[in-house]
Amino acid sequence: MDDLIERDDNPELGRRLGLSRRQLLAATTGMAAAAALGAAAFGGGPAHAATRAAAVSGAKGAGNGVLLPPGKRGIILYTVRDAVSRDPNTTDLASGFKEVFQELSRIGYKQIEFAGFGQHANAEGGNVNNVAGAQLLRTWLDDNGLEAEGNHGSIPSTVSDATIAAFDAQCEVANILGLGHIGTGNDPTNSAFVADWELAAERWNFFGERAASHGLKLYTHNHDIAYSFLLDSGPLDALGRPTRSSGIRRLEHFLQNTDPSYVYLEMDIYWAHVAQYKHRSFTAPDGTVVESLFDPAGVVSAQTTRFPLFHTKDGRINTATPNGYDMVPFGQGDIDYTTFFQRIGAKGYHNSMWEQDTAPGGGANPGQSLAFAQVAYDGMAALRG
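Residues numbered from 1 in each chain as written. Predicted model: local features only at pLDDT ≥ 70, side-chain atom pairs only at ≥ 80, totals over all residues. Heavy atoms only, no water.

Take the overall build of the protein next. When helices and strands are tallied, the protein shows 13 helices and 14 strands. The 385 residues of the protein split such that 54% are buried. Total accessible area on the protein stands at roughly 14,900 Å², and carbon and sulfur atoms take up 51% of it. (Helix = DSSP H or I, 4+ residues; strand = E, 2+ residues; numbered from the N terminus. Buried < 20%, exposed > 50% of the residue type's maximum accessible area, 1.4 Å probe, protein only. Areas by Shrake-Rupley, 256 points an atom, 1.4 Å probe, with all protein chains shown as cover.)

Laid out in structure tokens, this is it:
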């Protein structure tokens with residue numbers, strides 16, 4: 001397996017620039033208590049992304065260079081899940097892992113994040129959800145100049161001989177694929193209570209160290225709820241659980257109580273902005289409601305190397321919806337990605353995986369997800385700062 005540090009420090013800059021581009025198939029449519037991360041990270045940010053003037057004045061490494069180097073432009077395969085899973089005998093469109101890899105590589109993508117290892121039974125290779133399948137997938141990745149950077153697997157909910165063995169088996173497959181990171185698409189716990197997050201931190205520290213022994217970084221991918229406020233103080237409910245908050249957010253507590261050498265995060269930048277919109281205040285121990293606005297870029301900049309992966313998912317503001325945003329192809333939304341990447345530091349370190357949950361077009365437009373993949377790649381390539 002490639003050395004992990006080398007993978008991060010030596011991206012293959014410039015690869016595939018100048019290749020022919022695919023014609024589109026369709027129209028593209030808390031607060032002060034935050035010790036380790038700092039108050040600005042979780043509590044003092046703006047309601048929306050900072051203005052460009054503020055970004056330039058406070059940016060780390062501001063300039064006019066490429067913000068996302070070619071070697072760091074990736075995609076999670078969940079975005080094109082319809083293409084991976086469709087029957088090649090019923091379509092002329094790319095189908096199955098091998099053909100999708102070929103198409104993504106031709107567009108210009110360098111990095112892949114898996115979202116499971118299933119494809120249609122009629123696709124070349126058939127069932128690849130096994131060690132032999134991983135070896136075949138690695139061959140196809142190499143043939144197309146792609147790197148597998150992460151997965152959305154599962155982390156054991158308990159620590160036992162059986163779960164350790166199962167986790168080691170996942171790490172074996174990850175190493176065959178050449179992954180730099182192994183992780184999950186779920187929060188460490190779905191609970192709002194501090195005791196459950198403390199237990200989760202212990203478990204993640206254990207498996208994070210185990211992953212490191214395999215040469216891998218263990219990461220958790222999170223949606224907006226992980227950035228909501230922890231219930232850790234105030235009157236107790238009938239079950240003896242706290243009902244109010246000191247202003248610390250769930251993921252803030254997790255960061256403070258896990259080892260930065262073993263436990264990492266993949267921020268979904270879209271969902272972090274949804275959190276900024278939704279989780280704006282908490283009920284303090286004395287019963288008062290306190291406003292505390294969330295700053296996604298501030299969270300990252302406080303310890304930027306703990307975020308080796310991003311989901312660069314874009315959103316267009318729509319306050320008529322509960323989340324405040326609609327998902328759109330990258331570059332067509334209102335999330336200020338230029339400012340975000342200017343603020344977080346460590347330029348060129350992070351691996352950015354484009355995701356759009358709504359990319360598949362169904363029977364009406366079966367080529368939409370791969371068409372959007374072209375749009376998103378162009379959007380990431382265009383970022384300058």
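Let us keep going from here.
Right, let's get into the packing of aromatic side chains. Within the structure shown, the criterion is met by 19 aromatic pairs. When the centroid spacing of 5.0 Å and the interplanar angle of 45 degrees are considered together, the rings of Phe114 and Phe117 count as tilted. With a relative accessible area of 0%, Phe114 lands in the buried category. Grouping aromatic residues by their ring pairs yields a cluster made of Phe310, Phe330, Tyr337, Phe340 and Phe341. The aromatic ring of Tyr78 is capped on one face by Arg81, whose charged end is 3.9 Å from the ring centroid. Sitting over the face of the ring of Tyr264, Lys217 holds its NZ or CZ atom 5.1 Å from the ring centroid. (Phe/Tyr/Trp six-rings, centres within 6.5 Å; stacked < 30°, edge-to-face > 60°. Lys NZ or Arg CZ within 6 Å of the ring centre and 35° of its normal.)

What the eight strands build is an open sheet, ordered E3-E2-E1-E14-E11-E8-E5-E4; its pairing is parallel. The outermost strands of the open sheet, each flanked by one partner alone, are strand E3 (147–150) and strand E4 (181–184). Neighbour-to-neighbour, the strand axes of the sheet open up by a mean angle of 30 degrees, direction not taken into account. As judged from the three bridges shared by strand E11 (residues 309–311) and strand E14 (residues 351–354), these two strands associate in the parallel manner. Bridging across to E14, His311 finds its partner in Met353. Packing of helix H10 (residues 269–278) onto the sheet brings it into contact with strand E5 (217–222), strand E8 (263–268) and E11, and relative to E8 it is tilted by some 75 degrees. (Pairing = 2+ DSSP bridges. Axes fitted to C-alpha atoms, helices over the stretch in contact; angles between N-to-C directions. Contact = heavy atoms within 4.5 Å.)

So, about the nonpolar core. Counting 80 residues, the largest nonpolar core has Phe101, Tyr109, Phe114, Leu177, Met267, Phe341 and Trp354 as its most contacted members. The residues contacting Phe341, other than those within four sequence positions of it, are Leu67, Leu68, Ile269, Phe310, Thr312, Ser352 and Leu383. (Core = buried A, V, L, I, M, F, W, Y, C linked by side-chain atoms within 4.5 Å.)

Following the criterion strictly, the structure yields 11 salt bridges and no others. When the shortest N-O distance is used, the salt bridge between Lys313 and Asp357 registers 3.1 Å. Remark: Asp357 occurs in the loop between E14 and helix H13 (368–382) and Lys313 occurs in the loop between E11 and strand E12 (314–317); sequence separation between them is 44 residues. Through salt bridges with shared partners, a single network forms among Asp268, Lys313, Glu355 and Asp357. (Salt bridge = Lys/Arg side-chain N within 4 Å of Asp/Glu carboxyl O.)

Right, let's talk about helix H8 (residues 194–213) for a bit. For H8, with 20 residues, the first-to-last C-alpha span of 29 Å sits near the 28 Å given by 1.5 Å per residue. All of the buried residues along H8 are Trp197, Ala200, Ala201, Arg203, Trp204, Phe207, Gly208 and Ala211. With its phi angle positive at about 80 degrees, Gly215 sits one or two positions after the end of H8. (Expected span 1.5 Å × (residues − 1).)

The predicted model of the protein has a mean per-residue pLDDT of 86, with 84% of residues at 70 or higher. Per-residue pLDDT stays below 50 along residues 1–41; that stretch engages in 107 contacts with residues further than four places along the chain or on separate chains. For the stretch residues 43–62, pLDDT sits under 50, and the model shows 38 contacts to residues farther than four places along the chain or on other chains. (pLDDT = per-residue confidence, 0-100.)

Let's shift gears to helix H6 (residues 131–143). Between its first and last C-alpha, H6 extends 19 Å over 13 residues, near the 18 Å set by a 1.5 Å rise per residue. For H6, the set of buried residues is Gly133, Ala134, Leu137, Trp140 and Leu141. One face of H6 carries all of its buried residues, which in axial projection span an arc of 120 degrees. Exposed side chains of H6 directed beyond 90 degrees from the buried face belong to Ala132 and Asp143. Turning to H6, the residues buried within the fold contact helix H5 (96–107), strand E2 (111–113), E3 and helix H7 (161–177). Looking at the residues trailing H6, positive phi occurs at Gly145, about 65 degrees. (Arc of directions from axis to C-beta.)

Here we come to the side chain of Asp168. Tracing the backbone through its elements, the reader meets Asp168 in helix H7. Relative accessible area serves as the criterion here: at 18%, Asp168 is assigned to the buried category.

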